[in-house]
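# Observations on chain architecture
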Amino acid sequence: MPDSGFLAALHPPVTLPDPAPSAAPVSPEEKPPHTPPDDSALQRILRGPTGPGTASIARPGGLGPAPADTGAPAPAAPAEGRAVPGLYHHPVPEPDPVRVEEVSRRIKLWAEEEVQLYPEEWEGQFDGFSVGRYMVGCHPDAPTVDHLMLATRLMVAENAVDDCYCEDHGGSPVGLGGRLLLAHTAIDPFHTTAEYAPPWRESLASDAPRRAYRSAMDYFVRAVGPSQTDRYRHDMARLHMGYLAEAAWAQTGHVPEVWEYLAMRQFNNFRPCPTITDTVGGYELPADLHARPDMQRVIALAGNATTIVNDLYSYTKELKSPGRHLNLPVVLAEREQLSDRDAYLKAIEIHNELQHSFEAAAAELAKACPLPPVLRFLKGVATWVDGNHDWHRTNTYRYSLPDFW
């Protein structure tokens, strides 16, 4: 079991409503063994950056460091929804309802008026995504709503690309590479001759995904440093490569081996979101610290664990959708000849091992490199992981659990 001191440091106790009667209790034996992380290192993460050099964390001229805490968020009634039984996770406090409302208002205004993101008949789906609650829950340390909006626009733009190019709203694996390449130029600009630049610029307004990418990235670039911008572009290229692998398998009818599927999900995952946790927090993790192999391992494990969370919560939604959707339980069932229930339960075990590995790797890095921006970034990534789970747990508009318990 995880060391209690470690969890107390990184995840302050939160009281949630009792789970539904059908949710089975989790016993310690269900959790895979792991080496307890170093408690003192995580205590430093929880405290955040202090001492000499702290002021240099923020980029001069940027959005600035987070201000001192001015009080607890306004109380809110706990949201409905239950966790996947047996899933190793950490409860989080209810997101600040004032911020949730304001982010929700601003993002809808942006979607409707600035980028014309969706037709009127999709409005209910946009509202049901609950992106305001999502981003406030993942970034409780954001100094201002403006900081939160940087992440919120990017999140909505990423989902527009996924829905319109890949899946729910006219998406198809056929020709996906060309569409993704052109969309990627909205976040990683095309440098060409004077003759061909105008038609490219005109193309950026040709569909909703490109309009959203371009606008969200414009806000982002104006607010952050060049290394943070380049980091995000790199992680978006990883995401698009993952989309293409999944599309190729769909076109050929290939069901990957479990390890192949997990490799694809290391790229087609949430990584672009936690990797900008410093941006949303109002400071910058220097490029050399972000590039450390042990930091890259922490970020990869965080993305991998949170992506399996998505597989588990979206399982029934995807089964009801047209066509065949690859997710971890489906791949496990076919490749390892498991029943649907046993495959789903094994996917929970795989998530739990990844989550434990993430926490152990974060603690090891905190001990090896206890610099203020590193400690704060690790705390931010862990908070994002927890907030991402809570959004999946509470978004009953999108998700429901299978009847396996």
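Calculation criteria
- Residues numbered from 1 in each chain as written.
- Predicted model: local features only at pLDDT ≥ 70, side-chain atom pairs only at ≥ 80, totals over all residues.
- Heavy atoms only, no water.
- Axes fitted to C-alpha atoms, helices over the stretch in contact; angles between N-to-C directions.
- Helix = DSSP H or I, 4+ residues; strand = E, 2+ residues; numbered from the N terminus.
- Parallel < 35°, antiparallel > 145°, perpendicular 65-115°, else oblique.
- Left-handed = near helix turned anticlockwise from the far one by under 90°.
- Contact = heavy atoms within 4.5 Å.
- Nonpolar A, V, L, I, M, F, W, Y, C, P; charged D, E, K, R; others polar.
- Polar contact = N/O pair within 3.5 Å; in protein donor to acceptor, adjacent residues only side chain to side chain.
- Buried < 20%, exposed > 50% of the residue type's maximum accessible area, 1.4 Å probe, protein only.
- Core = buried A, V, L, I, M, F, W, Y, C linked by side-chain atoms within 4.5 Å.
- 1 Å grid on protein atoms, 1.4 Å probe; cavity = no way out; pocket = protein on both sides within 12 Å on 5 of 7 lines; lining within 4 Å.
- Points joined across faces, edges and corners; volume = space filled by probe spheres on them.

## Side note on the packing of helix α16 (residues 328-335) against helix α17 (residues 340-368)
Running from N to C, α16 and α17 point in directions that differ by 120 degrees, and their axes come no closer than 8 Å. Judged on the interaxial angle alone, α17 and α16 are oblique. The element α16 and its partner α17 pack so that their crossing is right-handed. Here Leu-328, Pro-329, Leu-332 and Ala-333 of α16 lie close against α17, whose contacting residues are Asp-340, Ala-343, Tyr-344, Lys-346, Ala-347 and Ile-350. Per-class residue counts for the contact of α16 with α17 are eight nonpolar, no polar and two charged.

## Notes on the side chain of Arg-231
Assignment of secondary structure puts Arg-231 in helix α10 (residues 226-252). At 2.9 Å, the side chain of Arg-231 and the side chain of Asp-278 are in polar contact. Contact partners of Arg-231, with chain neighbours within four places excluded, come to Thr-275, Ile-276, Asp-278, Leu-285, His-290 and Phe-377.

## Things to note about α16
In terms of burial, α16 is largely enclosed, as six of its eight residues are buried. All of the buried residues along α16 are Leu-328, Pro-329, Val-330, Val-331, Leu-332 and Ala-333. Buried positions along α16 lie against α11 (258-267), α14 (293-313), α15 (315-320) and α17. Two residues or fewer past α16, Gln-337 is found with a positive phi of approximately 55 degrees.

## Structural notes on the packing of α11 against α16
Here α11 crosses α16 at 165 degrees, and the two axes come no closer than 9 Å. In terms of orientation, α11 and α16 fall into the roughly antiparallel class. Between α11 and α16 the crossing geometry is right-handed. Taken together, the residues of α16 that come into contact with α11 (itself represented by Val-258, Tyr-261 and Leu-262) are Leu-328, Val-331, Leu-332 and Arg-335. Considering only residue class, the contact of α11 with α16 consists of six nonpolar, no polar and one charged.

## A few points about the nonpolar core
One finds Leu-117 and Tyr-134 to be the most contacted residues of the largest nonpolar core, which totals 105 residues. The element best represented in this core is helix α6 (residues 145-166), accounting for 14 residues. Apart from residues lying up to four places away in sequence, Tyr-134 is in contact with Phe-129, Met-155, Phe-270, Trp-384, Asn-388, Trp-391 and His-392.

## A look at empty space enclosed by the protein
Under the definition given, this model contains five cavities of 30 Å³ or more. In terms of lining, the largest cavity is formed by 29 residues, of which the most central are Asn-159, Asp-162, Glu-167, Phe-270 and Asn-310. Counting only elements with at least two residues in the lining of the largest cavity, the list comes to α6, α10, α14, α15 and α18 (372-394). If one sorts the elements of the lining of the largest cavity by residue count, α6 sits on top with five residues. When its residues are assigned to classes, the lining of the largest cavity shows 10 nonpolar, nine polar and 10 charged.

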